Amino acid sequence: MPHVYFIGAGPGDPEHLTLKGARLLAACATVFAPTPFEQTFTGLLGGKTVLSPFDFYFQQLLEKVETLRRQEDVAFLVPGDLTFYSPFQGLIDALGERAMVIPGVGTANAAAAYLKKTLDLPKICSRTVITSPRTLAETPHAPTLGQLAAPGVTLLIYMNHLPLAELVAQLRQGYGKSVPIAILHRLGLPGQEVVTGSFDDIVARVGERDFFGLADPAKRPALTLVITGESLDATIDGSWWDWRRENVWTFRND
Ligand SMILES: C[S@@+](CC[C@H](N)C(=O)[O-])C[C@H]1O[C@@H](n2cnc3c(N)ncnc32)[C@H](O)[C@@H]1O
């Protein structure tokens, strides 16, 4: 039975595609690629029919995919991957067993790699919260960003729609102090920019740049991820490694 493959494509750079994703993509003649993947993945899309999923209403898209799939495998390039904030869940649910999901490099993974930071650290950060002020605002009784922000928490903020100064004010309220913050714009894409700083200086460091697309009349979420928390500028020495070697990693019979 031909399948519909939802291939985690990473934040935009085809180098982030997994070997499995590349193999399945190569075997599909029709690929649904949201912008900007139809451009950044051109080297892997030659000779294929490339369609934009967002040109279709849901039912039309489902019917189109079903028609194509009766003859051969179909691929969707999923930005990042399905794990967080993916618009493809309804389609996957409707396709049931005909849908196959291929994991990929999420923006969070690419951001941590860019910053060279693990987002938790013993005694500094014990939990990571993935959130979006946009979805919090749309959800009745959801906590505020200020309630989610707290010492010991790393926050990954997707699809921000708040002006930076307002976002920082809410975060500062939760943390009760200035903590490090990183703004990662168009990671792995042409026009990539990353600005790091703290609540005290990030607004000045960003200046006039509209990383959140607030001036975009369509109000589409910009390709910008915000990460904040003490783990971003913390360093750790070898005692942590040695403690784990003594107490966690080394199995003793005595
Ligand atoms: C609908 S969500 C998709 C997330 C995706 N499923 C993932 O795992 O990365 C879109 C949001 O992801 C983040 N994002 C996606 N691609 C990005 C990129 N190349 N650089 C920075 N942030 C990105 C932005 O916060 C953007 O508003």
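Parameters and conventions
- Residues numbered from 1 in each chain as written.
- Predicted model: local features only at pLDDT ≥ 70, side-chain atom pairs only at ≥ 80, totals over all residues.
- Heavy atoms only, no water.
- Near = heavy atom within 4 Å.
- Polar contact = N/O pair within 3.5 Å; in protein donor to acceptor, adjacent residues only side chain to side chain.
- Nonpolar A, V, L, I, M, F, W, Y, C, P; charged D, E, K, R; others polar.
- Domains from an automatic or database assignment.
- Core = buried A, V, L, I, M, F, W, Y, C linked by side-chain atoms within 4.5 Å.
- Buried < 20%, exposed > 50% of the residue type's maximum accessible area, 1.4 Å probe, protein only.
- Helix = DSSP H or I, 4+ residues; strand = E, 2+ residues; numbered from the N terminus.
- Salt bridge = Lys/Arg side-chain N within 4 Å of Asp/Glu carboxyl O.

J.: Describe the site of the ligand, naming the residues involved and giving the relevant values.
T.: As a structural note, the neighbourhood of the ligand is formed by 19 residues, with F84, T107, L187, A222 and T224 the closest of them. One nitrogen or oxygen atom from the main chain of P11 is found 3.1 Å from a nitrogen atom belonging to the ligand. Class assignment for the residues of the shell around the ligand results in 13 nonpolar, four polar and two charged. Split by domain, the shell around the ligand shows at least three residues from each of two domains, domain 1 (4-105) and domain 2 (108-232).

J.: How would you sum up the nonpolar core? Please name residues and give values.
T.: A general trend in soluble globular proteins is that nonpolar side chains are found buried together. Ranked by size, the top nonpolar core spans 23 residues in total, and within it L164, L167, L171, Y175, I183 and I202 carry the most contacts. Here this core takes five residues from helix 9 (residues 164-175), the largest share from any one element.

J.: Talk me through the pattern of salt bridges; I want residue IDs and the actual numbers.
T.: Applying the stated criterion across every chain, the model contains seven salt bridges. Taking the shortest distance from any N to any O, the salt bridge between R172 and D200 comes out at 3.0 Å. Taken together, the residues span a long stretch of sequence, with R172 in helix 9 and D200 in the loop between strand 9 (193-198) and helix 10 (202-206) at a distance of 28 residues. Given a relative accessible area of 33%, R172 falls into the partly exposed group. Taking the relative accessible area as the measure of exposure, D200 reaches 58% and is therefore exposed. Salt-bridge contacts for E230 lead to K177; the nearest nitrogen and oxygen are separated by 3.3 Å. Highlighted residues: E230 in the loop between strand 10 (224-228) and helix 11 (238-249) and K177 in the loop between helix 9 and strand 8 (180-185), separated in sequence by 53 residues.

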